[in-house]
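# Topology and contacts: notes
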Amino acid sequence: MVAWLTKRWADLSIAKKLYFAVGIMAALIAAELITLRFSMHTLTAVRAFVGGEGLWSKAQKDALYSLQRYVSTRDEADYQEFHSQLRIPEGDHIARLALEKPTPDLAEARRGFLQGQVHGDDITPMIDLLRRFYWVHYIDHAVKLWGQGDDLLTELRASAVAYHATVSGASPDPAETRRLLDQIQSLNRRLTQVETDFSNTLAAGSRWLERILMTLLFFAVLIVESIGITITYLTSRSLARGLAELNDAAQRIGRGDFGFRVATRSRDELGRMGRAINEMGAQLQASYTELEMRVEERTAELKGMAEENARLYAEAKSALQSRDEFLSIASHELKTPLTALSLQLQMMKNNLNALPTEGTNAARAFAEDPKLQKPLTGALSQVRNLSDLIEELMDLTRLRLGKFNLRPELCDVAKIAREVVEHFREAAAKKGSTLALQAPAPVLGNYDPTRILQILNNLVSNAIKYGRGNPICLRVERAADGTARLSVSDHGVGITPEEQARIFERFERGRSGEGVSGLGLGLYITRQIVEAHGGTIEVQSRPGDGSTFTVSLSA
Ligand code: ADP
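Quantities reported herein were computed from a predicted structural model and do not represent experimental measurements.

## Remarks on the site of the ligand
The environment of the ligand is made up of 21 residues, and the closest members are N462, Y466, R509, S512 and L523. Between an oxygen atom of the ligand and a side-chain N or O atom of N462, the distance comes to 2.9 Å. One nitrogen or oxygen atom from the side chain of K465 is found 3.1 Å from an oxygen atom belonging to the ligand. Protein coverage of the free-state accessible area of the ligand, which is 520 Å², stands at 99%. Ranked by residue count, the leading element in the shell around the ligand is helix α13 (residues 449-466), at three residues. Its residues placed into classes, the shell around the ligand shows eight nonpolar, nine polar and four charged.

Below, the structure written as structure tokens:
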């Protein structure tokens, strides 16, 4: 039964639980108020009885006083006053008799009390007190005393009537008069005793009732407060515990413990929230598991891709290696016959040029015959170009295969620049360009002179190739910061900013290179040489205005 009730209670919605708790509290407070009202009602009745008793006693005393006056004055008015004073106790008497009937006559009782000058509002509490507590010793005793008082009063009235009849007769008997007066005095004393007893009994009853009512009130308040506090405590504790469990569950799930489940013991809002959190946890767990699976799959895929990439990279690397090795071998293999061919062509040219000095006209005519000279010069130039290209390729493969070494020694860059200008003067002139040198002073440094020569060769040959026949200037100087600064300026086609960013890379050529032979390696090799010296190279150029390449080498 208790388990069933607990379950029913747990399944109630929180709102219903709160309504229930508040409802019980309201009912208890109502009960407390009813108890209070009952207590007030009863105490009002006790107070009214004490008041009524006062009126009763006063009327009795006043009546006796009027009777005594009548004894001395024999004035009929005093005798009538005696009777009229007795109307008050008579009213109370009527009320008591009406209430003592087997079926109490409440209307009669009310009339009686009104005659006894009891206040109309006090009558109902008094009737209720008598009817409810007639079994209580004090009330029972007080009612009995009240009855005795009424009886004595009846006797007093009878004695008074007899006395009145005696004294108002033609010849009153003094002995009878005396006896009646003594009887009246005796009744008065007994009445006073009964009144005192009644009054004491009422006071004792009132104290007893007060104690009972206070105890009743105390327990009523105690019970109401205890039940209220207990219900509030139990309800709030169950709510707080439920909320704490939900909070804990939400936090654990939030921290990734998706397998955690809340114990759902009820079907109220907390139970529903618990089930919702459990569902959320289950869904999160399912999505997390799925996510993990996907991550695993994707990781496996990526691993496969990474392995494939690594394989491709290794293959590409090995292909590049093979290419570099092939280029290295090929350029070396080509270099030897090309050098031989170049030497043979040079020898042929030398021999041909020597012919006229040997004298015969025919020989001179043969030697100077343009049909012979032109192809020979052309062939020499082509062989030289080819030789330069192969030289570049050899440098590239040396760089790629890590066989590129510097042989630094103290050298004068200005002197090397002078050699370069001399070397290229004719080639520049053929293109219509002048080649000026500004190298006012020696610029000494610990550099590889062959590579410095190569740098200047590349930059000056490019200036001639892309210079559109305009003047070219080569400057060599010591900068304020101590670095050796070599710059080659032309007024040729220029280079766009996008191309400036990539022309120093391998096999990169600009638009200016279109129609001009080249591999796109010259500037790459130049940069490698400059950087191997710990220097920098940069270009400043505007398309159409020409370019200036500046190399800075630390001293
Ligand atoms: P190549 O001259 O063999 O093409 P380079 O590496 O020497 O290779 O030059 C790369 C590119 O830079 C050239 O193709 C050309 O477009 C551009 N370039 C180099 N020097 C100049 C210059 N002085 N004026 C204009 N363009 C140049």
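## Re the side chain of S489
By secondary structure assignment, the location of S489 is in strand β5 (residues 484-489). Since its relative accessible area comes to 9%, S489 is described here as buried. Beyond its immediate chain neighbours, meaning those up to four positions away, S489 contacts P471, I472, C473, R475, S547 and T548.

## Quick word on the pairing of strand β7 (residues 546-553)
When you tally the buried positions in β7, you get seven out of eight residues, the bulk of the element. Across six bridges, β5 lies against β7 in antiparallel orientation. Bridge pairing in β7 links V488 to F549. As consecutive antiparallel partners, strand β6 (residues 536-542) and β7 are separated by three residues, and within that stretch G544 has a phi angle of approximately 95°, a positive value.

## Regarding the packing of aromatic side chains
In this description, an aromatic ring pair is defined by two values, namely the gap between the centres and the angle between the planes. Counted according to the given criterion, the structure contains 11 aromatic pairs. Where Y79 meets F82, the ring centres are 6.4 Å apart and the plane angle is 20°; that geometry is what we call stacked. Residue Y79 and its partner F82 are both found in helix α3 (residues 76-85); the two are separated by three residues, about one turn of the helix. Among the residues examined, Y79 registers a relative accessible area of 6% and is labelled buried. Taking relative accessible area as the criterion, F82 reaches 0% and is therefore assigned buried. Site record: aromatic cluster; members linked through ring pairs are Y70, Y79, F82 and Y163.

## Things to note about the environment of S206
Along the chain, S206 turns up in helix α8 (residues 174-254). Take S206: its relative accessible area is 16%, and that puts it in the buried class. Spatially, the C-alpha atoms of S206 and N385 are 142 Å apart, while their sequence positions differ by 179 residues.

## Comments concerning the packing of helix α4 (residues 87-100) against helix α5 (residues 106-115)
At a closest axis distance of 7 Å, the pairing of α4 and α5 adopts a crossing angle of 160°. When the axes of α4 and α5 are compared, the pair comes out roughly antiparallel. By crossing handedness, the relation of α4 to α5 is classed as left-handed. Contacts between α4 and α5 involve R87, I88, E90, G91, D92, I94, A95, A98 and L99 on the former and, on the latter, L106, E108, A109, G112, F113 and Q115. Broken down by class, the residue content of the contact of α4 with α5 amounts to eight nonpolar, three polar and four charged.

What counts as what
- Residues numbered from 1 in each chain as written.
- Predicted model: local features only at pLDDT ≥ 70, side-chain atom pairs only at ≥ 80, totals over all residues.
- Heavy atoms only, no water.
- Near = heavy atom within 4 Å.
- Polar contact = N/O pair within 3.5 Å; in protein donor to acceptor, adjacent residues only side chain to side chain.
- Areas by Shrake-Rupley, 256 points an atom, 1.4 Å probe, with all protein chains shown as cover.
- Helix = DSSP H or I, 4+ residues; strand = E, 2+ residues; numbered from the N terminus.
- Nonpolar A, V, L, I, M, F, W, Y, C, P; charged D, E, K, R; others polar.
- Buried < 20%, exposed > 50% of the residue type's maximum accessible area, 1.4 Å probe, protein only.
- Contact = heavy atoms within 4.5 Å.
- Pairing = 2+ DSSP bridges.
- Phe/Tyr/Trp six-rings, centres within 6.5 Å; stacked < 30°, edge-to-face > 60°.
- Axes fitted to C-alpha atoms, helices over the stretch in contact; angles between N-to-C directions.
- Parallel < 35°, antiparallel > 145°, perpendicular 65-115°, else oblique.
- Left-handed = near helix turned anticlockwise from the far one by under 90°.

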